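Here is what each chain is made of, one letter per residue.
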Amino acid sequence: AMAEVGAGGPRLAELLAAGRRLWDELEAGAEPSSGAPAVQDKVRQGLDALQRAAAMVAQLELFSENEELDEVASADLKFLLLPALLGALTLKQVDLSRRQQHLESARDHFLHFLKLCRNYGLGTFQLPPSAPGEEGARSPPGPGDPPGAQPSLVAMAMSRNAKIERYKQKKELENKLASMRSFVESGTADEDQIREFYMLQIQKWISTSLEELESIDQEMVILKSRDVARQAPAAPHGPSRPVRAPVRPFILTRDAAQARVFGAGYPGLPTMTVDDWYEQRRRQGIVSGQSVPQRAPGVSDEELQKQQQEKKEEEDDEEVLQKARNWDDWKDTHPRGYGNRQNMG
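Residues numbered from 1 in each chain as written. Predicted model: local features only at pLDDT ≥ 70, side-chain atom pairs only at ≥ 80, totals over all residues. Heavy atoms only, no water.

### Overview of the overall build of the protein
Then step 1. A tally of regular secondary structure across the protein gives 10 helices and two strands.
Then step 2. Buried positions account for 29% of the 345 residues belonging to the protein.
Then step 3. Residue pairs at least 24 apart in sequence account for 63% of intrachain contacts in the protein once pairs closer than 6 positions are excluded.
Then step 4. For the protein, the computed accessible surface area is about 23100 Å², with 53% contributed by carbon and sulfur atoms. (Helix = DSSP H or I, 4+ residues; strand = E, 2+ residues; numbered from the N terminus. Buried < 20%, exposed > 50% of the residue type's maximum accessible area, 1.4 Å probe, protein only. Contact = heavy atoms within 4.5 Å. Areas by Shrake-Rupley, 256 points an atom, 1.4 Å probe, with all protein chains shown as cover.)

What follows is the structure in structure tokens.
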């Protein structure tokens, strides 16, 4: 393995340092919103610097599958963090239309980092499956579990305890790193201290990567179920009814003569006789032809009305009938709205 980066060294180190600085500024969170232009500019700049650095690391073949950790130079250890930082910055992007793509990209970066770490024997952890929802993600059923049971309560409890333990370790690591950072960055630390500092950073990012992968997988499940819900056809709510044209307001009159009288006072409002109304409704298919009052040939409006009235009179109570007649007589001589003058002028 190459002990030092060689001619490209300073440039590579600068790119990593720039990416790290931007990440630290984002974590400090001076801006209130992750979608603020200043925040997203830093995300883009950080991703650009780290992607260029990662391309250099790949080109230089800085890390190899068949080498031991002690073969990696202390100054090169920090470059192991590149994929983890790339994953974290990828998640900071806020373009919702590309969220699925960002989640998949971040997941690949975190998995790449964890595989590198495991290859060098760094940390004891179980790698998640290469794609969310694969069977490998399930805990093997315990001996007391019924066949086909969900992940056992014992496994869930163990997982919870592991998370609590990981959280405690992460806090201890952060405290150690904070106390060591100043003299490592000032250049006064010896090689052993530099090596320990980078190893602690790697341990911290292993913990972060495992947490982020779990969070990514949960979000992917939510996105997938939301997409399925969007694509599902709307459930039919009973037989569909034909759309009817809206009915314009009009005055319903008893005959053509009355239509002329009322129409004169209300030129803006159409008038129609009962027969016209029935005929219009029949043409629209709303009432059947049978519902129009049948008349013998040559029977006028007045005669038809008289026949209907006589039939009704036989059925109605005399007093009710008298009231109806009085009301009809009054309407014949008083136009609609008669006497309602308080709101005019």
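### Remarks on the environment of Q93
Then step 1. Counting through the fold element by element, Q93 comes out in the loop between α3 (82-91) and α4 (99-119).
Then step 2. Along the sequence, Q93 and S34 sit 59 residues apart, while their C-alpha atoms lie 8.2 Å from each other.
Then step 3. Separated by 3.0 Å, the side chain of Q93 and the backbone oxygen of T90 make a polar contact. (Polar contact = N/O pair within 3.5 Å; in protein donor to acceptor, adjacent residues only side chain to side chain.)

### Some points on a nonpolar patch on the surface
Then step 1. A contiguous nonpolar surface patch, about 380 Å² in accessible area, is contributed by W327, W330 and Y338.
Then step 2. Mapped onto the fold, W330 is located in helix α10 (residues 318-333). (Patch = residues over 30% accessible without salt bridge, like charges linked within 9 Å, V, L, I, M, F, W, Y side chains within 5 Å. Salt bridge = Lys/Arg side-chain N within 4 Å of Asp/Glu carboxyl O.)

### Comments concerning a negative patch on the surface
Then step 1. Where like charges cluster on the molecular surface, the negative patch consists of D190, E191, D192 and E196.
Then step 2. Structurally, E196 can be placed in helix α6 (residues 191-231). (Lys, Arg positive; Asp, Glu negative; His and termini not counted. Charge placed at Lys NZ, Arg CZ, Asp CG, Glu CD.)

### As for α4
Then step 1. Between its first and last C-alpha atoms α4 spans 30 Å; for 21 residues at 1.5 Å apiece the expected length is 30 Å, and the two agree.
Then step 2. Residues of α4 that are buried: R99, H102, L103, A106, R107, H109, F110, L111, F113, L114, L116 and C117.
Then step 3. Buried positions along α4 lie against α3 and α6.
Then step 4. Backbone geometry just downstream of α4 places G121 in the positive-phi region, at approximately 70°. (Expected span 1.5 Å × (residues − 1).)

### Here we look at the packing of aromatic side chains
Ring pairs (aromatic) are described by centroid distance and by the angle formed between their planes.
Then step 1. A full pass over the atoms with the stated rule returns four aromatic pairs.
Then step 2. Ring centres 6.2 Å apart and planes at 75° place the aromatic pair F63 and Y120 in the edge-to-face group. One end of the pair, F63, is in the loop between α2 (37-60) and α3; the other, Y120, is in the loop between α4 and α5 (153-185), and 57 residues separate them in sequence.
Then step 3. Relative to W330, the ring of W327 lies with its centre 5.6 Å away and its plane at 5°, an arrangement referred to as stacked. On the criterion of helical spacing, the pair formed by W327 and W330 is a turn pair, its members being three residues apart in helix α10.
Then step 4. Looking at W327, the relative accessible area reads 49%, which means it is partly exposed. (Phe/Tyr/Trp six-rings, centres within 6.5 Å; stacked < 30°, edge-to-face > 60°.)

### Quick look at the environment of L173
Then step 1. Structurally, L173 can be placed in helix α5.
Then step 2. Assessed through its relative accessible area of 13%, L173 is described here as buried.
Then step 3. Taking the C-alpha atoms as reference points, L173 and Q203, separated by 30 residues in sequence, lie 7.8 Å from one another.
Then step 4. Leaving out residues up to four positions away in the same chain, L173 has contacts with L200, Q203 and K204.

### Description of the confidence of the model for the protein
Then step 1. In the predicted model, the protein carries a mean pLDDT of 79, and 72% of its residues have values of at least 70.
Then step 2. Of all the helices and strands in the protein, helix α7 (residues 256-265) carries the lowest mean pLDDT, 61, while α3 carries the highest, 97.
Then step 3. Between residues 1-9, whose pLDDT stays under 50, and residues either more than four places distant or in other chains, the model counts 14 contacts.
Then step 4. Confidence over residues 134-149 falls short of pLDDT 50; this stretch has five contacts with residues more than four positions distant or in other chains. (pLDDT = per-residue confidence, 0-100.)

### Re unusual backbone geometry
Then step 1. Despite not being glycine, E61 shows a phi value in the positive range, around 50°.
Then step 2. Take E61: it is sitting in the loop between α2 and α3.
Then step 3. Its relative accessible area of 61% is what places E61 among the exposed residues.

### Observations regarding the nonpolar core
Then step 1. Ranked by size, the top nonpolar core spans 57 residues in total, and within it F63, F113, I202 and I206 carry the most contacts.
Then step 2. Looking at this core, the elements with two or more residues in it are α1 (9-28), α2, α3, α4, α5 and α6.
Then step 3. Per-element accounting of this core gives the leading share, 11 residues, to α6.
Then step 4. The contact partners of F113, leaving out residues within four places of it in the chain, are L80, L81, P83, A84, I202, W205, I206 and S209. (Core = buried A, V, L, I, M, F, W, Y, C linked by side-chain atoms within 4.5 Å.)

### Structural notes on the packing of α2 against α3
Then step 1. Contact geometry for α2 and α3: axes closest at 10 Å, N-to-C directions at 155°. With respect to their mutual orientation, α2 and α3 come out roughly antiparallel. The chirality of how α2 crosses α3 is left-handed. Along the contact surface, α2 presents V43, G46, L47, L50, Q51, A53, A54 and V57, while α3 presents L82, L85, L86, L89 and T90.
Then step 2. When its residues are assigned to classes, the contact of α2 with α3 shows 10 nonpolar, three polar and no charged. (Axes fitted to C-alpha atoms, helices over the stretch in contact; angles between N-to-C directions. Parallel < 35°, antiparallel > 145°, perpendicular 65-115°, else oblique. Left-handed = near helix turned anticlockwise from the far one by under 90°. Nonpolar A, V, L, I, M, F, W, Y, C, P; charged D, E, K, R; others polar.)

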